[in-house]
Number of protein chains: 2
Amino acid sequence: MNEGASGAGRSGRTGRRPGKADTKPAILDAARARFAAGGFDKTSIRAIAADADVDPALVHHYFGTKQQLFAAVVNFPVDPDPTLAAVDAAPLDELGQTIVRAVVTVWDSPAGPGVVAMVRSIFAGGDQNLARSFLLQVVLERVRARIATADDDGRARVSLAAAQMMGVLTARKIIALEPLASMPIDAVVAAVGPSVQRYLTGDIGAR
Amino acid sequence: MNEGASGAGRSGRTGRRPGKADTKPAILDAARARFAAGGFDKTSIRAIAADADVDPALVHHYFGTKQQLFAAVVNFPVDPDPTLAAVDAAPLDELGQTIVRAVVTVWDSPAGPGVVAMVRSIFAGGDQNLARSFLLQVVLERVRARIATADDDGRARVSLAAAQMMGVLTARKIIALEPLASMPIDAVVAAVGPSVQRYLTGDIGAR
């Protein structure tokens, strides 16, 4: 008992800087407030670091990029960077199948239930939902930047592609609509990829 | 006060058959139990009438077809018959645009919030949800019957088309994803119609 009490006392006098254990939550709190108030683009790591009273380098050290910090704030269940990097690297005419394969692969992975929970929170959450902001301001914006041209900012195209992907997610994971719910990924890619491709780069009619 | 009491007493002695006011709820209760236990196809108006202790003709008189009775049981906010009749009447190669126009028109109508509420209940409700059964066993089955061939029962096609429509509904009405959320119906039909058409009658890849 004496040893236990002395152990607790010792841990309070180690070399760790006082309050260090609270640094990560403080950064997340500051980031949450900044992203909610100003959105992704207008929020800087520098401002978040100042609010949390830490060095900006520490924010990067703990959370990586600004995008990864936003993902951490909304409890995004997977690191979105590999998927977004795949979108950046894909040839323009393979964007549809690339997105369908990447997204369905994540949903079918062990991280899938976390993604579904996040999507449910977006469905329930209305405009103020930070997860919704992350989806729109980071994920969809990255796709839009890939397809934007001088004549077309790509916003309508990306919203149509996102609607298609939400429909597949909802059918497979939320209402378990068969046979789509059990369809192998290759078959989903073959069936849905051309629709996403047309929304992003094909003829979607006069607007 | 005397008059009020005598009025209440008088209404209890009118010519209405005792219990008649409870006939419609009794029919709905019986139908709900039958549809939940046996599904749409295996449930007969005759069995529902017997459970409710009324004549089958009275069930038809109050609720119309078996399909309309099912719609009443799940509080379907619009009569699905005109939409389903439009699907039956459309040329096979105009099925996509016909479905998108009919469905989006209902969602954008005064009945729209009721449809969205029903869809939210399906998202929340899991397998036992009767509204989900109505959607699958009545609405999607009617579309499947239109496109089924000797080689293809059309189930995968209908589930893909339904996923697409759910995605558009979710984007427009649940998460308000712009610019799709504000897109005029003609533009939605032009953009999404070809996808639904391909799912129903086009090349959806090897399965």
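Residues numbered from 1 in each chain as written. Chains lettered and ligands numbered in written order. Predicted model: local features only at pLDDT ≥ 70, side-chain atom pairs only at ≥ 80, totals over all residues. Heavy atoms only, no water.

Draft legend 1. Geometry of the relation of the copies chain A and chain B. When chain A is fitted to chain B, the best match, at an RMSD of 0.0 Å, comes from turning it 180° and sliding it 0.0 Å along the axis. The symmetry that links the two subunits is that of a two-fold axis. Taking C-alpha positions as the reference, the residue of chain A nearest the rotation axis is A:Gly167, at 1.8 Å. Take the interface residues of chain A: 100% of them recur as interface residues in chain B, which is what a same-surface contact looks like. (Least-squares fit on C-alpha atoms with pLDDT ≥ 70 in both. Contact = heavy atoms within 4.5 Å.)

Draft legend 2. Structural view of helix α7 (residues 95–107) of chain B. Between the first and last C-alpha of α7(B) there are 18 Å, a value that for 13 residues agrees with the 18 Å anticipated at 1.5 Å per step. All of the buried residues along α7(B) are B:Leu95, B:Gly96, B:Thr98, B:Ile99, B:Val100, B:Ala102, B:Val103, B:Val104, B:Val106 and B:Trp107. (Helix = DSSP H or I, 4+ residues; strand = E, 2+ residues; numbered from the N terminus. Expected span 1.5 Å × (residues − 1). Buried < 20%, exposed > 50% of the residue type's maximum accessible area, 1.4 Å probe, protein only.)

Draft legend 3. Focus on the interface of chain A and chain B. Taken together, the contacts link 39 residues of chain A with 39 residues of chain B. Where chain A abuts chain B, roughly 3,000 Å² becomes buried across the two surfaces, and 65% of that area is made up of carbon and sulfur atoms. Together, A:Phe123, A:Ile175 and A:Leu177 form the three largest contributors to the area buried by chain A at its contact with chain B, with a combined 19%. Our enumeration of links across chain A and chain B arrives at zero salt bridges. At the junction of chain A and chain B, the tally comes to 16 residue pairs in polar contact (both at pLDDT 80 or more). Contributing elements (two or more residues each) for the side of chain A that touches chain B: α8 (112–125), α9 (130–147), α10 (155–174) and α11 (185–201) of chain A. (Buried area = accessible area lost by both parts, 1.4 Å probe. Salt bridge = Lys/Arg side-chain N within 4 Å of Asp/Glu carboxyl O. Polar contact = N/O pair within 3.5 Å; in protein donor to acceptor, adjacent residues only side chain to side chain.)

Draft legend 4. Structural detail: the environment of A:Tyr199. Structurally, the position occupied by A:Tyr199 is in helix α11. The exposure class of A:Tyr199 is buried, given its relative accessible area of 0%. Along the primary structure A:Tyr199 and A:Arg157 are separated by 42 residues, whereas in three dimensions their C-alpha atoms are 5.2 Å apart. Excluding residues within four positions of it along the chain, A:Tyr199 makes contact with A:Arg157, A:Leu160, A:Ala161, A:Gln164, A:Ile204, B:Gln164, B:Ala191, B:Val192 and B:Ser195. Separated by 2.8 Å, the side chains of A:Tyr199 and B:Gln164 make a polar contact.

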